[in-house]
Amino acid sequence: MLTYFARRLLTLIPMVIVISFLIYLGLELTPGDAVSHMVPPDALSMMDEERLQALRESLGLGKPFIVRYWIWITGVMQGEFGYSLAGGVPISKIFLDRLPATLELSFAALLISTVLGSILGTISALTRGSLTDQSLTVVGMLGVSIPEFFFGLVAILVFALNLNWFPVGGRILPGYDSFWDRLPHLVMPAMVLSIMMTAGVMRYARSSMLDALSRDFIRTARSKGMPEWRVNILHGFRVALTPVIVLIGFRLPVLIGGSVIIEQVFQWPGIGKEFVSAVRSQDYPLVMMVALFSVLAVLIASLIVDLLTAIIDPRVRLGE
Amino acid sequence: MANDVALTVKALKTYIYTNNRCNRALDGVSFEIRQGKTLCIVGESGCGKSVTAASIMQLLPTLSRIEEGEITYHGPDGPVRIDQLPRDGAKMRAIRGKEIAMIFQDPMTALNPVYSIGFQIKEMLKYHTGLGRSDRHSKAIDLLRSMGIPLPKKRVNEYPHLYSGGMRQRAMIAIGMSCNPRILIADEPTTALDVTIQAQIFELMDTLKRDHGTAIMLITHDMGVVAELADDVAVMYMGNIVEAGPVGKVLRNPVHPYTRALLDSIPVLGRGKDQEIKAIPGQTPDPYNRPKGCQFADRCAYRIGACDQMPDEMQVAPDHRVTCWRYEEFAADAAE
């Protein structure tokens, strides 16, 4: 198990290197450079070429691309995230401020979609062909096909403005910052963000469960004389769980992408919202760091998924 | 005589429904399983062997049911009509596994890959015995040891994918035998295994039969296995038992043309490569479009006009029955 974990961890390193390189390359290819964003446009036209060149030299922009990448990535590894172009705030401070909110939202959505999706999918599989199954199928299709921001707007209209159950947006009211005070703020964004993933997990859990239930070992389990629910849960669901967890790992980027939009809709003060404004104002150092962090988040999450799969399915423990 | 009967099946009819059509998978099957004896059920694929086993265990697929007939289990507390018990009721579950256990064809798929072998044995003990946790563990180790699995203390915690095919089937048998069932149903237990392993598995089952007095119902299509292991034989064709009796009589003096054809289709050791193997002509009829009379008539070399009617069951001897109009001629022929 430990060797498996270590090996899996080692494969992350080349992936991080390649992806960070691609991110850097992508921004290199965008028009303009740091100087053109640092200096206001009207001042830019006034400055003569020599001073611009000197400014570029002082920022290290004259060095070859690979060298600049190397300086950047070694800096990041040492915790030097650089400064946001807008206001010159250290990016590490922005992360410290905003990351907890995003993690809270994503984690809540992940939890909801995993639990709700697997439970509904299992119910759907066990009542195959019934009215419950069919209506869950319809709900699942709607969940997958309607965009999240639409659900978000409808939820705000219905639950916040009409019914007044939850606040319209935001995360914390000043003076009310315990978890229970924050919870009402979290409910709507987390639910809306989880809808698409819940629907996906549900559909997948259903087919995975049906597959598991058709296997021979289910008949063996029945032949032992155990109650039907135990056959379904202990033997069916447990085996059906592995592919579902793998699917959840694959869908994580969707969740992160979705949180960018949902944070906008609900004015959730997270990294996603920051990311959108950074892209708008061409704040490239910040954009790069957010992109790198999302990649890291997905990679780490997929590592956790792999470990979970190894724990659940003994056949995966190839390292032994 | 009646005391040593472990299970009676009488005129059992099990139908399977698919796409609004009905397959009369079992069309009036009767037999007995005797305590401490092996009954072999032989027949081609699709003749209803496995459906018979599933009917007894009440493990039929959802869209099938026992329409008529009786399955009576003669347990320690008197006879129980299995066919009248609800499929997943507590009574049926108490019988399933404890009184009547079953081992399956393919040990590769019949064991759950995500649980250790020990867990899957202990599961059985948990439901049917009052043993505590540590007692169950040591009992599981004992069972594996008695099945001839090396290093049982280590092996008990291993997962099925680390077991070889033969070992998995031994583990299956360990699960089946864990509660000392009175009847063990084995549905082609060695079809998926090597020939050398086959012999070991059968030897194991024979030992269990002798040591525990377990009645065994062995489903097979291997006549060699029948000759070696069976006390009684029932030959099935298209949901009927066409011939049944003690192994000596049925194999030595087969009366039904189908039994004879089956025996003729086996190559005999020592006759060389060029011996003629008589395959049975034709194919088994479509179960949704059955012939009216004797199901075997279309493929039978001895067909007569009367075969358009389903023959009754005739007694060749008190313990030897056959379903064929011309049984007297064949019986006389066999006696010569």
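Source: prediction; values computed, not measured. (Residues numbered from 1 in each chain as written. Chains lettered and ligands numbered in written order. Predicted model: local features only at pLDDT ≥ 70, side-chain atom pairs only at ≥ 80, totals over all residues. Heavy atoms only, no water.)

Draft legend 1. Region of the structure containing the overall build of chain A. For chain A, the count of helices and strands is 13 helices and zero strands. In chain A, the order of α-helices and β-strands from amino to carboxyl end is α-α-α-α-α-α-α-α-α-α-α-α-α. Overall, the C-alpha framework of chain A stretches about 85 × 55 × 35 Å when taken along its three principal axes. Relative to its full complement of 320 residues, chain A shows a buried share of 41%. In chain A, 74% of the contacts between residues at least 6 apart in sequence involve partners at least 24 apart. (Helix = DSSP H or I, 4+ residues; strand = E, 2+ residues; numbered from the N terminus. Buried < 20%, exposed > 50% of the residue type's maximum accessible area, 1.4 Å probe, protein only. Contact = heavy atoms within 4.5 Å.)

Draft legend 2. Representation of the interface of chain B and chain A in the model. Listed by partner, the interface residues are 26 residues for chain B and 21 residues for chain A. Where chain B abuts chain A, roughly 2300 Å² becomes buried across the two surfaces, and 58% of that area is made up of carbon and sulfur atoms. The partner of Lys224(A) in a salt bridge is Glu123(B), with the nearest N and O atoms 2.8 Å apart. Between the two partners, chain B and chain A, sit 11 residue pairs in polar contact (both at pLDDT 80 or more). Listing elements by their share of the side of chain B that touches chain A, those giving two or more residues are helix H3 (107-110), helix H4 (117-128) and helix H7 (165-177) of chain B. Its residues assigned to classes, the side of chain B that touches chain A shows 15 nonpolar, six polar and five charged. (Buried area = accessible area lost by both parts, 1.4 Å probe. Salt bridge = Lys/Arg side-chain N within 4 Å of Asp/Glu carboxyl O. Polar contact = N/O pair within 3.5 Å; in protein donor to acceptor, adjacent residues only side chain to side chain. Nonpolar A, V, L, I, M, F, W, Y, C, P; charged D, E, K, R; others polar.)

Draft legend 3. Representation of the pairing of strand S3 (residues 38-42) of chain B in the model. All names here are of chain B. Burial of S3 is extensive: five of the five residues sit out of reach of the surface. Of the two faces of S3, the one lined by Thr-38, Cys-40 and Val-42 and the one lined by Leu-39 and Ile-41 are each fully buried. Relative to strand S8 (residues 215-220), S3 runs parallel, the two sharing five bridges. Paired with Val-42 across the two strands is Thr-220, which belongs to S8. Alignment of S3 against strand S9 (residues 232-237), held across four bridges, turns out to be parallel. (Pairing = 2+ DSSP bridges.)

Draft legend 4. Here's a closer look at the nonpolar core. Membership of the largest hydrophobic core comes to 95 residues, with the highest contact counts inside it found for Leu7(B), Phe31(B), Ile100(B) and Met217(B). Looking at this core, the element that brings in the most residues is H7(B), giving seven residues. Those residues within four positions of Ile100(B) in sequence are excluded, and the remaining contacts are Leu7(B), Ile56(B), Met57(B), Tyr73(B), Ile82(B), Ile95(B), Pro181(B), Ile183(B) and Ile185(B). Counting residues in each nonpolar core, the second largest holds 24 residues, with Ala190(A), Val244(A), Leu255(A) and Ile262(A) among its members. (Core = buried A, V, L, I, M, F, W, Y, C linked by side-chain atoms within 4.5 Å.)

Draft legend 5. Region of interest: the pairing of strand S7 (residues 183-187) of chain B. Residue and element names in this part refer to chain B. Within S7, five of the five residues are buried, leaving the element largely enclosed by the surrounding structure. Residues Ile-183, Ile-185 and Asp-187 point to one face of S7 and Leu-184 and Ala-186 to the other, with burial holding for every one of them. Bridging between strand S6 (residues 100-103) and S7 involves four bridges; their strand directions are parallel. Of the residues in S7, the one forming a bridge with Ala-101 is Leu-184. Here S7 pairs with S8 via five bridges, running parallel. Residue pairing across strands places Asp-187 opposite Ile-219, the latter belonging to S8. As a crossover connection, the stretch from S7 through helix H8 (residues 195-212) into S8 is right-handed. (Right-handed = clockwise from strand over helix to strand, strands pointing away.)

Draft legend 6. Structural context of the sheet that holds strand S12 (residues 320-322) of chain B. All names here are of chain B. As summarised here, the arrangement of the eight strands in space is S6-S7-S8-S3-S9-S10-S12-S11, forming an open sheet in which the pairing is mixed. Lying at the two open borders of the sheet, with one neighbouring strand each, are S6 and strand S11 (314-317). For this sheet, the mean angle separating the axes of adjacent strands, direction not counted, is 20°. Against the sheet, helix H11 (residues 257-264) engages S9 and strand S10 (240-246), with an angle of about 100° to S9. (Axes fitted to C-alpha atoms, helices over the stretch in contact; angles between N-to-C directions.)

Draft legend 7. Spatial organisation of the packing of helix H9 (residues 179-213) of chain A against helix H11 (residues 228-265) of chain A. Residue and element names in this part refer to chain A. Remark: H9 packs on H11, axes separated minimally by 8 Å, with the N-to-C direction vectors making an angle of 150°. Classified by the angle between their axes, H9 and H11 sit roughly antiparallel to one another. Crossing hand, H9 versus H11: right-handed. Per-class residue counts for the contact of H9 with H11 are 20 nonpolar, six polar and one charged. (Parallel < 35°, antiparallel > 145°, perpendicular 65-115°, else oblique. Left-handed = near helix turned anticlockwise from the far one by under 90°.)

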